[in-house]
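Letter by letter, the chains look like this.
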Amino acid sequence: MSAPATRYENAVARYLEAWNAEDPAARAKAVAAAWTEDGGYTDPLADVTGHEQIATLIGAAREQFPGLVFRLAGAVDGHHHTARFSWELVSETDGSAPVAGSDVITLDEQGRIRAVLGFLDRVPAGA
């Protein structure tokens, strides 16, 4: 695997670790490892900046979808300081994936996320 590909995959792994952290302290640590201090996250439902706001957003999503985990759906593709990937929110009980999306991330020189542009591809009614 090439160094750039590993860089993108490592960034996405840290990103998913933050989204899957159940404990608030672990989540805060994972967000700090994944994002720059002034990093942001934007999708159709949210637009937040900074570690605290990102961790709060992730916590709210985890409360809305208990028992579900974020998993990579396919390969990570990237060039320069940008990568894209798809993900699913999967039930640990039955394997269903009621939510899915695609994200584009911009990285700094150290491979930390500066910005996330998220797109929701599948969302259950009423969510």
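- An unreviewed UniProt entry annotates the chain as SnoaL-like domain-containing protein of Streptomyces africanus.

A few points about the pattern of salt bridges
Thought 1: If you walk through the whole model with that rule in mind, you get three salt bridges.
Thought 2: Of the charged contacts, one joins R84 and D77 as a salt bridge, the two residues approaching to 3.1 Å between their closest N and O atoms.

Topic: helix α3 (residues 51–64)
Thought 1: Taking 1.5 Å per residue, 14 residues should reach 20 Å; α3 reaches 20 Å between its end C-alpha atoms and fits that length.
Thought 2: Buried within α3 are the following residues: H51, I54, A55, L57, I58, G59, A61 and R62.

Some thoughts on the layout of surface pockets
Thought 1: The computed volume of the largest pocket comes to approximately 330 Å³.
Thought 2: Around the largest pocket sit 19 residues that line it, and D43, L45, A61, Q64 and F65 are the ones nearest its centre.
Thought 3: For the lining of the largest pocket, the secondary structure elements donating two or more residues are α1 (3–20), β1 (35–43), α3, β5 (82–91) and β6 (99–107).
Thought 4: Element by element, the count of residues in the lining of the largest pocket is highest for α3, at four residues.
Thought 5: Looking at the lining of the largest pocket residue by residue, the class counts come to 16 nonpolar, one polar and two charged.

Here we look at the UniProt feature "domain: SnoaL-like" (unreviewed entry) in the chain
Thought 1: On the UniProt side, "domain: SnoaL-like" (unreviewed entry) is annotated at positions that read residues 12–115 here.
Thought 2: Secondary structure across residues 12–115 divides into 33% helix and 41% strand, with the first and last C-alpha atoms of the span separated by 12 Å.

Notes on the environment of V90
Thought 1: With respect to the helices, strands and loops of the structure, V90 is situated in strand β5.
Thought 2: The buried category is assigned to V90, whose relative accessible area is 7%.
Thought 3: Between the C-alpha atoms of V90 and A75, which are 15 residues apart in sequence, the distance is 17 Å.
Thought 4: Apart from the residues within four sequence positions on either side, V90 is in contact with G67, L68, V69, R71, G95, S96 and A97.

Each value, and the rule that gives it
Residues numbered from 1 in each chain as written. Predicted model: local features only at pLDDT ≥ 70, side-chain atom pairs only at ≥ 80, totals over all residues. Heavy atoms only, no water. Salt bridge = Lys/Arg side-chain N within 4 Å of Asp/Glu carboxyl O. Helix = DSSP H or I, 4+ residues; strand = E, 2+ residues; numbered from the N terminus. Expected span 1.5 Å × (residues − 1). Buried < 20%, exposed > 50% of the residue type's maximum accessible area, 1.4 Å probe, protein only. 1 Å grid on protein atoms, 1.4 Å probe; cavity = no way out; pocket = protein on both sides within 12 Å on 5 of 7 lines; lining within 4 Å. Points joined across faces, edges and corners; volume = space filled by probe spheres on them. Nonpolar A, V, L, I, M, F, W, Y, C, P; charged D, E, K, R; others polar. UniProt positions renumbered as here; feature names shortened; annotations may be inferred. Contact = heavy atoms within 4.5 Å.

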